Amino acid sequence: VPPITSQVQTAQQTPKHYGITSPISLAQPKEADLVLTQKLIETLRPFGVFEEELELQRRILVLGKLNTLVQVWIREVSEVKNIPSSVIDNVGGKIFTFGSYRLGVHTKGADIDALCVAPRHVERSDFFSSFYEKLKEQEEVKDLRAVEEAFVPVIKLSFDGIEIDILFARLALQTIPENLDLRDDGLLKNLDIRCIRSLNGCRVTDEILHLVPNIENFRLTLRAIKLWAKRHNIYSNILGFLGGVSWAMLVARTCQLYPNAVASTLVHKFFLVFSKWEWPNPVLLKQPEDCNLNLPVWDPRVTPSDRYHLMPIITPAYPQQNSTYNVSTSTRAIMVEEFKRGLAITDEILLNKAEWSKLFEAPNFFQKYKHYIVLLASAQTEKQHLEWVGLVESKIRILVGNLEKNEFITLAHVNPQSFPGPKEEIDKEEFSTIWVIGVVFKKMEGPENLNVDLTFDIQSFTDTVYRQAITSKMFEADMKITAMHVKRKQLQQLLPKVAIQRSKRKHSSDGLRAMNDGSLDLSVDSDNSMSVPSPTGPSAAKIARASSPQGRHIYLVILSFDGIVHGLKIFIISYLIMLIIAEDGTKPDNVGTSSSNATQKGAAPLKRPGSPVLHDSEKKPKVDSVQQTPHPSPCLSAGPANKRPASPLGNETSKKVEEVRQRSHVECFLKFYFQHCVNFVFYTLFNSILCVHFLPHSRITSNADLSDVPILPTNPIPVVKNSIKLRLSR
């Protein structure tokens, strides 16, 4: 089955008016445009976007074998079901292709999307049973697996080294003619929804090819745009960017607006059109048609949820759907910015001020942002890992959406490329994958430090993934998700060396740094108490040993003891203060305002007023810290780092000190201590065991980076929940 059948040739004979509007320009190409197009082809060739003729013939041969296999199988099923021999002789059956292969823009080694079309007496259950068994008997078939419960059920296999995904559609026809045109809307009558979904890929691909003025110009332009999108990390439907069919429709719309232009011009016009497109106005290749089959179609006038789609690109075949429903605020902003950058570069290229290679230069994602969220998914066996990674990746866009809703986050950019992750324990077999999300924090006005808690955003994401895994009965006890916050300089300790390409030029201290500068309270956490290599640690091997069960027990003992010591300190300090107040009659207002007075006199200002434990890299807590009110979070203070608003605690203490003059020292002490200190002791113990956020003897990160942030643990410590809490210095 060749990638382009005789159906495509009719596209050249369609009317000159394409799309839902008149063309912007009918200008014919100039000599300079043809020269630039040839240069574009030469630039694309080293990237492997063109397949050799020998490889193409091999694909055609494999598809021919698969087509014959389908026809033989359908005949066998027909005989088993006692279909009349006169019908069996002409029963037919056919393999159709769609996707990049059908469009003629597949790259070297790309897989093939195929559709098996069968007559009405062949059931879907036959496809996943007898046809599956028939494939298993073929010597050329490797890595055979069926995914019957998927949204679009599929059989995946490798046929003679070529990866193929085969869908199934059962038509309401007695036989399948050789010249069947799947664009016929009448074929959808009396079909179940799974068959309609399976047919959709072929129908959309065929419609696109019939709606472009010049197929060869369309193909070359699409090859260039797909390569550009992949190089700029914005090619992934599942992660909220655009997939292959969406990019194809954008290029097709550009071709409709400039029907006579060649590829070099079309690439430039592509960036011109979509950098200025007023989203969420939809991109349409043809006027939607209603076939009265009562199938759901994209229509914001009827369906309220369609009104919230941010970047609608509507498929041309009935039932019309939005192919970009996964796009979020962040991913759209990232793509629009890339469109604008692409326009600037192609402007230079058309003026001969730059070469095409500049357009395909890959930006360094790992230098682009200062803050990153790293996700790690791991499982014990390779089979479990493949299933687990597929599920986690399909839900990452939920995490991006959660981060976008955070009031302190401007943008979240997930890199579509995943990487093999480090092992938790060197001597233990484990498979893991990591994804990296770049995060930009809002630039806040004022000098105050900013406290950001991402715990809920992370936790709701992991809960969704685990719930889905349990519901689909694929969850295993060793499947884990871990999330951690790292800064740019720490990524190199988590990612393979190939992924990190250090930029030689130094980053400006303002600009990006001013936008998302900050410091972190690094919590490496997971629902499964999984310990993951810390980006501040020396190596994965050392960290794995340090995070052994024995090491964890030692940490817990030390931290519990640390909580008791803090409690004793406050016991003694409280007693001394109350003796002074009781004997000298010192007014509590003086105690309550000692912090501000000290600051005015040049003393060091109090740090982290809402935290029950004051970590300071130079000094121990002063006496006036007793007046601070414990906060529910061990890592996050309630307000600005340098300012503390007036608290009602002062008035309460004032009344209590008046009582001191009539009561004994012991009674006064007990009342003060139990009301203001006991809760701190228990809270410290509780936090030490469950949250383990504080480790007093750990390595202290430089004040220039972390200001007054809690001391970072050198080694990772397991906790119960995914928790990421940050303190950003402004």
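It should be noted that the structure appears before, not after, this text.
Treat the numbers as computed from the prediction; the structure is a model and nothing was measured.

Re the nonpolar core
- Grouped together as the largest cluster of nonpolar side chains are 109 residues, with contacts concentrated most on Phe218, Trp228, Trp247 and Trp388.
- The element contributing the most residues to this core is helix 8 (residues 215-231), with 9 residues.
- If sequence neighbours within four positions are ignored, Trp228 has contacts with Ile234, Trp247, Phe270, Phe271, Glu338, Phe339, Leu359 and Phe360.
- By size, the runner-up hydrophobic cluster in this structure holds 31 residues, among which are Leu63, Leu69, Phe131 and Ile155.

Quick notes on the packing of aromatic side chains
- Under the criterion given, the structure shown has 26 aromatic pairs.
- An angle of 20 degrees between the planes, with centres 6.3 Å apart, marks the rings of Phe274 and Trp279 as stacked.
- In this structure, Arg197 packs its charged tip against the face of Phe151, placed 3.7 Å from the ring centre.

Quick notes on the side chain of Arg102
- Tracing the sequence through the fold places Arg102 in helix 5 (residues 99-103).
- Arg102 gets classed as buried once you look at its relative accessible area, which sits at 5%.
- Within the structure, Arg102 has its side chain in polar contact with the side chain of Asp206 (distance 2.8 Å).

Some points on unusual backbone geometry
- Residue Pro280 is bonded to the preceding Trp279 through a cis peptide linkage, with omega at 10 degrees.
- Among the secondary structure elements, Pro280 is positioned in the loop between helix 10 (263-275) and strand 6 (283-284).
- Here the bond from Tyr318 into Pro319 is cis, since omega is -5 degrees, no more than 30 degrees from zero.
- Tracing the backbone through its elements, the reader meets Pro319 in the loop between strand 7 (313-314) and helix 11 (329-350).
- Its identity as a non-glycine residue notwithstanding, Asn294 has a phi of 60 degrees, on the positive side.
- Note on placement: Asn294 falls in the loop between strand 6 and strand 7.

A look at helix 8
- For helix 8, built from 17 residues, the straight-helix expectation of 24 Å at 1.5 Å per residue is met to within 8% by its first-to-last C-alpha distance of 24 Å.
- Counting buried residues along helix 8, 14 of its 17 residues qualify, which places the element largely inside the surrounding structure.
- Of the residues flanking the start of helix 8, the one acting as N-cap is Asn214, its side-chain oxygen 3.1 Å from the backbone nitrogen of Glu216.
- Count one or two residues on from helix 8 and you reach Asn233, which has phi positive near 60 degrees.

A look at the pattern of salt bridges
- One pass over the structure, following the stated rule, counts 21 salt bridges.
- Among the salt bridges present, the one from Arg170 reaches Glu123, with a minimum N-O distance of 3.5 Å. Residue Arg170 is found in strand 5 (residues 162-170), and its partner Glu123 is found in the loop between strand 2 (112-118) and helix 6 (124-137); the two are separated by 47 residues along the sequence.
- A relative accessible area of 28% means that Arg170 is categorised as partly exposed.
- The structure contains a network of salt bridges with shared partners spanning Glu55, Arg58 and Asp160.

So, the environment of Lys156
- On the secondary structure map, Lys156 appears in strand 4 (residues 154-159).
- When residues no more than four places from it in sequence are discounted, the contact partners of Lys156 are Asp143, Leu144, Arg145, Ile164 and Asp165.
- Reaching out from Lys156, the side chain makes a polar contact with the side chain of Asp165 at a distance of 3.3 Å.

Focus on the sheet that holds strand 4
- The 5 strands lie next to each other as 1-2-5-4-3, forming an open sheet whose pairing is mixed. Both edges of this open sheet fall to strand 1 (94-98) and strand 3 (141-147), since each of them pairs with a single strand only. Geometrically, the sheet is characterised by an average inter-axis angle of 25 degrees between neighbouring strands, direction not taken into account.
- Bridging between strand 3 and strand 4 involves 5 bridges; their strand directions are antiparallel. Pairing of Lys142 across the sheet is with Ser158, part of strand 4.
- Against the sheet, helix 6 makes contact with strand 2, strand 3, strand 4 and strand 5, and its axis sits at roughly 165 degrees relative to strand 3, the strand it touches most.

Things to note about the packing of helix 3 (residues 53-80) against helix 6
- Interhelical geometry of helix 3 versus helix 6 gives an angle of 125 degrees and a closest axis separation of 11 Å. Relative to helix 6, helix 3 is oriented oblique. In this structure, helix 3 crosses over helix 6, and the sense of that crossing is right-handed. For the pair helix 3 and helix 6, the contacting residues are Leu66, Leu69, Val70, Val72, Trp73, Glu76 and Val77 in the first and Asp126, Phe127, Ser130, Phe131, Lys134 and Leu135 in the second.
- Taken together, the residues that form the contact of helix 3 with helix 6 break down as 9 nonpolar, 1 polar and 3 charged.

Remarks on the pairing of strand 11 (residues 431-441)
- Burial analysis of strand 11 places 10 of its 11 residues in the buried class, which makes it a mostly covered element.
- Across 9 bridges, the pairing between strand 8 (residues 371-379) and strand 11 is antiparallel. Its bridge partner being in strand 11, Ile373 is matched across the sheet by Ile437.
- As judged from the 2 bridges shared by strand 10 (residues 419-420) and strand 11, these two strands associate in the antiparallel manner. Residue pairing for strand 11: Phe419 is matched across the bridge by Ile434.

What about helix 3?
- Counted at 1.5 Å a residue, the expected span for helix 3 with its 28 residues is 40 Å, and the 41 Å between its end C-alpha atoms agrees.
- Of the positions making up helix 3, those classed as buried are Leu56, Arg59, Val62, Leu63, Leu66, Asn67, Leu69, Val70, Trp73, Ile74, Val77 and Ser78.
- In the stretch just after helix 3, Asn82 is the one whose phi turns positive, near 60 degrees.

Points about the environment of Ala477
- With respect to the helices and strands, the residue Ala477 is situated in the loop between helix 14 (455-471) and strand 13 (480-487).
- Given the relative accessible area of 61%, Ala477 is considered exposed.
- Distance from Ala477 to Ala379, taken between C-alpha atoms, is 8.7 Å for residues 98 residues apart in sequence.

Cut-offs used in this document
- Residues numbered from 1 in each chain as written.
- Predicted model: local features only at pLDDT ≥ 70, side-chain atom pairs only at ≥ 80, totals over all residues.
- Heavy atoms only, no water.
- Core = buried A, V, L, I, M, F, W, Y, C linked by side-chain atoms within 4.5 Å.
- Buried < 20%, exposed > 50% of the residue type's maximum accessible area, 1.4 Å probe, protein only.
- Helix = DSSP H or I, 4+ residues; strand = E, 2+ residues; numbered from the N terminus.
- Contact = heavy atoms within 4.5 Å.
- Phe/Tyr/Trp six-rings, centres within 6.5 Å; stacked < 30°, edge-to-face > 60°.
- Lys NZ or Arg CZ within 6 Å of the ring centre and 35° of its normal.
- Polar contact = N/O pair within 3.5 Å; in protein donor to acceptor, adjacent residues only side chain to side chain.
- Expected span 1.5 Å × (residues − 1).
- Salt bridge = Lys/Arg side-chain N within 4 Å of Asp/Glu carboxyl O.
- Pairing = 2+ DSSP bridges.
- Axes fitted to C-alpha atoms, helices over the stretch in contact; angles between N-to-C directions.
- Parallel < 35°, antiparallel > 145°, perpendicular 65-115°, else oblique.
- Left-handed = near helix turned anticlockwise from the far one by under 90°.
- Nonpolar A, V, L, I, M, F, W, Y, C, P; charged D, E, K, R; others polar.

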